[in-house]
Amino acid sequence: MWRARRAAEACEVCQSLVNAHYTVQGPLPLLRLHLPSRSLHHLRPLPARPRRPQLPGSRQPFSSLGPLPLRRWKLSPAKPGYQPRRHFWPARLAARLLRLRYLLLGSAVGGGYTAKKTFDQWKDMVPDLSDYKWIVPDFVWQLDEYIDLEKLSKALPDSESLAKLLPDLDKLSGSFSLLKDFFSTGHTLVSEVTGVSDPLLLLGTSGETAFRATDASESDRQFKKVSDKEKVEQLQEELLRTQLKYQRILERLEKENKELRKLVLQKDDKGIHHRHLKKSLIDMYSEVLDVLSDYDASYNTQDHLPRVVVVGDQSAGKTSVLEMIAQARIFPRGSGEMMTRSPVKVTLSEGPHHVALFKDSSREFDLTKEEDLAALRREIELRMRKNVKEGCTVSPETISLNVKGPGLQRMVLVDLPGVINTVTSGMAPDTKETIFSISKAYMQNPNAIILCIQDGSVDAERSIVTDLVSQMDPHGRRTIFVLTKVDLAEKNVASPSRIQQIIEGKLFPMKALGYFAVVTGKGNSSESIEAIRDYEEEFFQNSKLLKTSMLKAHQVTTRNLSLAVSDCFWKMVRESVEQQADSFKATRFNLETEWKNNFPRLRELDRNELFEKAKNEILDEVISLSQVTPKHWEEILQQMLWERVSTHVIENIYLPAAQTMNSGTFNTTVDIKLKQWTDKQLPAKAVEVAWETLQEEFSRFMTEPKGKEHDDIFDKLKQEVKEESVKRHKWNDFAEDSLRVIQHNALEDRSITDKQQWDAAIYFMEEALRGRLRDTEAVLENMVGPDWKKRWMNWMGRTQEQSVHNETKNELEKMLKCNEEHPAYLASDEITTVRKNLESRGVEVDPCLIKDTWHQVYRRHFLKTALSHCNLCRRGFYYYQRHFVDSELECNDVVLFWRIQRMLSITANTLRQQLTNTEVRRLEKNVKEVLEDFAEDSEKKMKLLTGKRVQLAEDLKKVREIQEKLDAFIEALHQEK
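Because the structure is predicted, anything quoted here is derived from the model rather than measured. (Residues numbered from 1 in each chain as written. Predicted model: local features only at pLDDT ≥ 70, side-chain atom pairs only at ≥ 80, totals over all residues. Heavy atoms only, no water.)

(A) The pairing of strand 5 (residues 399–405), seen in detail. Most of strand 5 is tucked away, with six of its seven residues classed as buried. With seven bridges joining them, strand 2 (residues 344–350) and strand 5 adopt parallel strand pairing. Of the residues in strand 5, the one forming a bridge with E350 is G405. Two strands pair when backbone bridges link them, and strand 3 (residues 355–358) and strand 5 are joined in this way by four bridges, in the antiparallel orientation. What sits directly across from L357, in strand 5, is N402. (Buried < 20%, exposed > 50% of the residue type's maximum accessible area, 1.4 Å probe, protein only. Helix = DSSP H or I, 4+ residues; strand = E, 2+ residues; numbered from the N terminus. Pairing = 2+ DSSP bridges.)

Okay, structure coming up:
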C-alpha cells in the first residue's frame, strides 16, 4: 500500500511540474513521467480535481534563449497527510544553464562565419606567386623532409640575443615617413619608377615606351603648375639617387641570396640529403639541341627549337656581352683580329660552383681560378682551329660548352663569328660568304632569339649586321638590340640624342622587342667581371643619359639584359617546344613505316650497333684462328715454304752439285751451298712464309661466307680491319736467330734411320722433279709453239719466232742424243756449229737464242735423267747403310732431298709453335686495338658502314632519341609551371 501511495504522489508532483514549465494540457506520455510512476503505470486512479485555469499568455510558446517567466505556478493541494519533500530548484537552475549554452553556441557560430569571410577576403588580396615558383629550386620545397626543424629552433639564439640584432624601429619609422613625404610630392616620378620595376617593360617596344612616357609627361604638366623647373630637376636627381640606392640594396640582397643558394647546393652536393639530384631543365634542353645538331635533317624535318643567337659585326663586343652574362672571361681574345672561328653553344645553368665543361669531356674548369680560365680559353681556341679545315677561315661545326654557377640565368646562347665587310690577307676568299651563310642558317629559325650587338663607339652607318637582322626578322618579333661601348659613345658622339634615337629604334631600319645599352669594360683584356660590373654601374650612375631621361633605367646594364633575354627565351620555349615534338612524332612514324616496308625481317640496328655486331664477329673469327689444329698449320707451312724455296734448291743447289764428277764433290758442294743459304736467306724466307700463312688463314676466316647468317654489310669493315691489323703486326725479331740454329742443325744431319724415311725422300724428290719437268715442258711448248696434234686438231699455227725456236730445239736434241752426259753449258764452238747447221737449212739464229733454247732443252733432259735415277735408288737403302761401298749406285741426291724434307718439317713445326703461342695472340691484340680505334672514329665508321639500311636506322634512332628527350623536357616543363 505504501508503495502505491508513494507512486501516486510522485506522479502528481511530476504532472504539476511539467504543466507549470511547459504549459501542456492533457496527460503526459509514459516516457516523460517520473521513474517510479512509469514503473507502476498508475495502478491506482488519481482523484479527480478541478484544474486551475491557465492565463492566455501562458499558452504562447517561448524559446529557451528567452527570459524565463517570473510568475510561479503553485502545485495542486495534496491529500490529507501528504507533505511535499522537493521544490525542484535544481531543474530551474539546469534550464537557465541550458539557455546560456545556446547563447554561447550561437555567438560562436556567428563569429566563426565572420572570421572565415574576413580570411577569404585577405586571401583574395594576396597575389598568386605560383607562376614564380620556378625561381626556387625543387629541393628547397623538400627541405622540411630532410631538416629537423625542432633541432634547428633549439640551435637558434634566444629572444634577448635576437632583440639586440633587430634594427631600431623608431629610426625606421622616421625614414619611412620621410620617404612617404618625398613620394607624395613627386607622384609622377614614382609612377615612372613603378613602370621600371614592371618585368614586362624590360622587353617593351619603343612604341610602348613612348606611350608610357606620354602618360608621364601629362602628369608632369600638372606638376609644373605648382612647381618650377628647378624643383623638377632636383626631384629627378633625388629620384635617381634613391633608385640607385635601392638598386644597390637589391643587388646586395641578391648576392646574399646567391651565397645562401650556393651553400644549400653545396650541402646537397656533399650528400647530406642522400638523394639523387634531378637533371636541371636547361641541361635537358641543351641535350636536345646537341642531339639535333648531330642529326642530319631528312624528310623536311628542321630544327626550330629556340636558342639565343648572338650576332654582330667583328669586334662589336659580342664575346664581351656573352662573358658578362656568363660572369666569366671564357673566350679567347684578340686585338682587332678574328677570334670566333666557329659557333660556340653556351648553356647557362645554376649550380653550386662556377665551372665550365665541354659536352665531350669530363674535365671541369674552375672559373674562379685564373689558371683554369686561361686553360679554358686555350682549349676553345684549339677546338676552333681543329674544326677549321685546311684552306678555310671559319667552320660551321659547333663547339658545345656548359657553364654552371650560382645566380646564372638559365638559357642557351650561340656565339657566331663576327660579320665582316672585307676579306683581308690571310683569309680564305669565301670567308665573308661563309660567315653570312652560317649566320643566316641560325637566324632563319623562326623561334630563334636574335641578340643583335651593335658597337656604339662607331658610326651607325657602318653597321652590317643590322641589315642582315632586318632581313631575317623584318617585324622585330624575336630580336633584342644591344648597344655596346656606351661609355665611348657618350664621349665621342657630338649629339647624345643620337644614342637616344638608337635605343628608341628610330635610327636603324630594323625593329626589335627591346633595346639595351651596356658597358663591357674599359677595353683591357685583364679586367675581371666584377671590375667591369662596378665600372658599368658607376658609369650609368653618373651618366647624363640617365639624368636627362634619354635612357630608361630598365634599358641599361648587362644584368637587366640577361633577365630580359632569359625571360624571352623561356617564353619562346614554352610556345614552340610542343609543336616541335609533334613534328618529330610524325617524322618517326614515317621512318618506321619505311623500315617495315623495306626491311621487314631485320632489326633496326644503327651504325654503332652494327659496328658492335661486326666487332663481335671479327673477334670470334680471331679466336677461331687459335683453334686451328697443329697438323693443319704444319702442312700449310711446309707446303708454302717448299713452294717458296724449291726453285732455289733445284737451280742453285741440286743442279750445280749434280754436275760434279764424284760423290765427294757432290756432298761438298751441297754442304757449302746449304750453309750459305741457311746463314743468309732461309730464316728470313721462313718467317716471311709463316707471316703470309697467318694472313691467309686470317683472311680466310674473315671472308668465308657464314651461310644465311652472312651479312655483306660488314665486308668493307672486315677488310679494313684485316689490312690495318696486318699493317700494325710485326713478327718477333728474335725468331730468325733461333730459327737459323734449328735449320742449320737439321741440314747437318745425314742419317736416314729406316726404309720408310728413304722411300719418303724418294717420293718427295720425284714429286719435286716432276713438277719442275712439267714447268719446263710448258716453257718449251710456249717457246716452240704447238705440236702437230694441236695444229691439226685446233687449227693452230706457229709464228716465225716459234719456228726458229723449234729448229734450234731439234738441232740441240740431236747433240744431246750423241752425248747424254753433256755438261750444263754449251761451249762457244758448239754454239757456232749449231748456228752454221741452222744457216745451212736457211734458218738465221742469234747465239743468245741458242743459249736460251739450250737451257730449257738441257733442263728437261736433266730432269728426265734424274727421275730415272730416282727409280733406280728405290732399292738403294741397303747400299746407303753400307755407305755405297762396292756399289756402282750412288744416291747422294736422295740424301740431299731427305735433308731438305727434314729441314722443312722441323721449320714448319717451329713456326707453328711461334704462331700458336705468340703471333696469333699478338694479332688478336692488334685486331682489338684496331677495333677500339675504329669505334672512336665516327668518320671511319660512316665510311665503312654505308647503305640505305644503315642511314635509315641512324635517322630512326636519332628521331626517337630526340622525341624521347623532348617528351621528358616537356613533362619537366609542365611540372615547373
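Picking up where we left off.
(B) Region of the structure containing the pattern of salt bridges. Tallied over the entire structure, the rule returns 40 salt bridges. In this structure, E634 and R912 form a salt bridge, with 3.3 Å as the shortest nitrogen-oxygen distance. In this pair, E634 is assigned in helix 23 (residues 630–658) and R912 in helix 34 (residues 892–936), connecting sequence segments 278 residues apart. With its nearest N and O atoms 3.9 Å apart, the salt bridge here joins E767 to R770. Of the two residues, E767 and R770 are both situated in helix 28 (residues 755–784); the distance of three residues between them amounts to about one turn of the helix. Given the relative accessible area of 35%, R770 is considered partly exposed. Within the structure, one salt-bridge network assembled from shared partners comprises R588, E592, E604 and R960. (Salt bridge = Lys/Arg side-chain N within 4 Å of Asp/Glu carboxyl O.)

(C) Representation of helix 22 (residues 607–625). Here helix 22 is 19 residues long and its end C-alpha atoms lie 27 Å apart, about the 27 Å a rise of 1.5 Å per residue gives. Within the span of helix 22, buried status applies to R607, L610, F611, A614, I618, L619, E621, V622 and L625. Close packing links the buried residues of helix 22 with helix 23, helix 25 (682–703), helix 26 (715–728), helix 34, helix 35 (938–944) and helix 36 (948–976). (Expected span 1.5 Å × (residues − 1). Contact = heavy atoms within 4.5 Å.)

(D) Layout of the UniProt feature "coiled-coil region" (unreviewed entry) in the chain. UniProt records the feature "coiled-coil region" (unreviewed entry) at residues 225–270 and 913–940, using the numbering of this structure. Spanning residues 913–940, this segment combines 96% helix with 0% strand, and its end C-alpha atoms are found 36 Å apart. (UniProt positions renumbered as here; feature names shortened; annotations may be inferred.)

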